[in-house]
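Examination of the molecular architecture
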Amino acid sequence: MNQDRRDRLGDAAVSVLAEAGGRGLTHRAVDAAAGVPPGTAKNYFPSRDALLRAVAERCLEQYRELAGALASAGPPPSDRAGLAALLAGLLRNVAGPGRPRMAAYLELQAEAGRRPWLAGLLDPIGAADFALYGRLLADAGLPSGPGRARTLTLALHGAIPHLLAGSPATLAAAGLDDLDGFARDLLHRVCGEGAS
């Protein structure tokens with residue numbers, strides 16, 4: 001099988017899932033989104049579960065690419081202000097260019113509640129975030145540890161559906177209408193006034 005075409009179909013499946021939801025993820029929709037002849041997606045991914053697997057694998061690849069880009073962007077933030085700026089930037093990405101990946105990921109999480117094998121494919125993404133945010137807290141000279149890493153990670157994950165929905169009143173109530181302020185306040189609540 002042609003790997004470039006497989007990747008193109010995988011990207012198209014991510015887009016379809018993000019835009020049309022789980023019910024809209026069909027072979028025909030993926031073919032149309034990829035601009036390939038009808039039946040192509042079915043040749044590469046013969047079942048709906050295979051389509052879901054392709055989306056999950058592509059989301060994991062995109063997550064690793066993003067993590068790699070962050071790691072190669074230079075040293076991690078070394079203080080509270082730098083970490084707050086990084087977190088606000090990550091949230092802006094969710095609401096902007098990362099929106100399709102995150103919308104597809106949330107759709108996959110809902111599907112994973114009914115398909116345990118899918119939860120296993122998604123597990124590395126969620127698990128990696130807890131470790132990542134724990135390291136970022138420590139690198140910034142802030143109080144860290146598993147409890148603080150959990151609180152920070154879950155707060156950030158909890159913000160994502162609201163950012164994707166974009167409802168102004170909810171964004172304002174959650175403080176997500178000011179992402180810089182949200183990130184500073186979140187670090188204050190997780191770590192207190194303390195260092196940095």
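Higher on the page you've got the structure.
For clarity, every value in this text was computed on a predicted model and none was experimentally measured.

Turning to the packing of aromatic side chains, a few remarks are in order. Evaluation of the coordinates by the stated rule reveals one aromatic pair. On the basis of an interplanar angle of 50° and a centroid distance of 6.4 Å, the ring pair of Tyr 44 and Phe 45 is categorised as tilted. Like Phe 45, Tyr 44 is buried.

Moving on to the nonpolar core. In terms of nonpolar packing, the biggest core is built from 58 residues, with Leu 25, Val 30, Val 55, Leu 87, Leu 108 and Leu 152 touching the most fellow members. Considering every element that reaches this core, the biggest residue donor is helix α4 (residues 48-72), with nine residues. If sequence neighbours within four positions are ignored, Val 30 has contacts with Leu 9, Ala 12, Ala 13, Val 16, Leu 25, Ala 41 and Leu 51.

Throughout the structure, instances matching the rule amount to nine salt bridges. Here Asp 49 ties to Arg 115 by a salt bridge, and the two come within 2.8 Å at their closest N and O atoms. Here the residue Asp 49 occupies a position in helix α4, and Arg 115 occupies one in the loop between α6 (99-112) and α7 (116-139), the gap between them amounting to 66 residues. Take Asp 49: its relative accessible area is 32%, and that puts it in the partly exposed class. Notably, a salt bridge pairs Glu 111 with Arg 114, separated by 3.6 Å at the nearest N-O pair. Owing to a relative accessible area of 57%, Arg 114 belongs among the exposed residues under this scheme.

Let us look at empty space enclosed by the protein. Enumeration according to the criterion identifies one cavity of 30 Å³ or more in this entry. For the largest cavity, the calculated volume is near 330 Å³. Forming the walls of the largest cavity are 20 residues, and the residues nearest its centre are Tyr 63, Arg 101, Met 102, Asp 129 and Tyr 133. Elements with a contribution of two residues or more to the lining of the largest cavity: α4, α5 (80-95), α6, α7 and α8 (146-165). When the residues that make up the lining of the largest cavity are grouped by side-chain class, the tally is 16 nonpolar, two polar and two charged.

Parameters at a glance
- All residue numbers here refer to positions counted from 1 along the written sequence of the relevant chain.
- Local features in a predicted model are, by the rule used here, given only for residues with pLDDT of at least 70; side-chain atom pairs are given and counted only at 80 or more, and totals for whole chains, interfaces and linings are based on all residues.
- Hydrogen atoms and water are omitted, and side-chain values are computed over all heavy atoms in the structure.
- Between 30 and 60 degrees the pair is tilted, below 30 it is stacked and above 60 it is edge-to-face, where a pair is any two Phe, Tyr or Trp rings, Trp via its six-membered ring, whose centres lie within 6.5 Å.
- Classification of residues uses two cut-offs on accessible area relative to the type maximum, computed with a 1.4 Å probe and protein chains only: under 20% is buried, over 50% is exposed, and between them is partly exposed.
- Only buried residues count toward a nonpolar core, which is a set of Ala, Val, Leu, Ile, Met, Phe, Trp, Tyr and Cys residues joined through side-chain atoms within 4.5 Å.
- Put simply, DSSP marks the helices as runs of H or I at least four residues long and the strands as runs of E at least two long, and each gets a number from the N terminus on.
- By the convention used here, residues are in contact when the closest approach between their heavy atoms is within 4.5 Å.
- Salt bridges are counted wherever a side-chain nitrogen of Lys or Arg sits within 4 Å of a carboxyl oxygen of Asp or Glu.
- Here a cavity denotes grid points, spaced 1 Å and computed from the protein atoms alone, that fit a 1.4 Å probe unable to get out, and a pocket denotes an open set having protein on both sides within 12 Å along at least 5 of 7 lines; residues with an atom within 4 Å of a point are the lining.
- Grid points are joined across faces, edges and corners, and a volume is the space filled by probe spheres set on the points.
- Residues are sorted three ways: Asp, Glu, Lys and Arg are charged, Ala, Val, Leu, Ile, Met, Phe, Trp, Tyr, Cys and Pro are nonpolar, and all the rest, Gly among them, are polar.

Distances and angles like these do not, on their own, reveal function.
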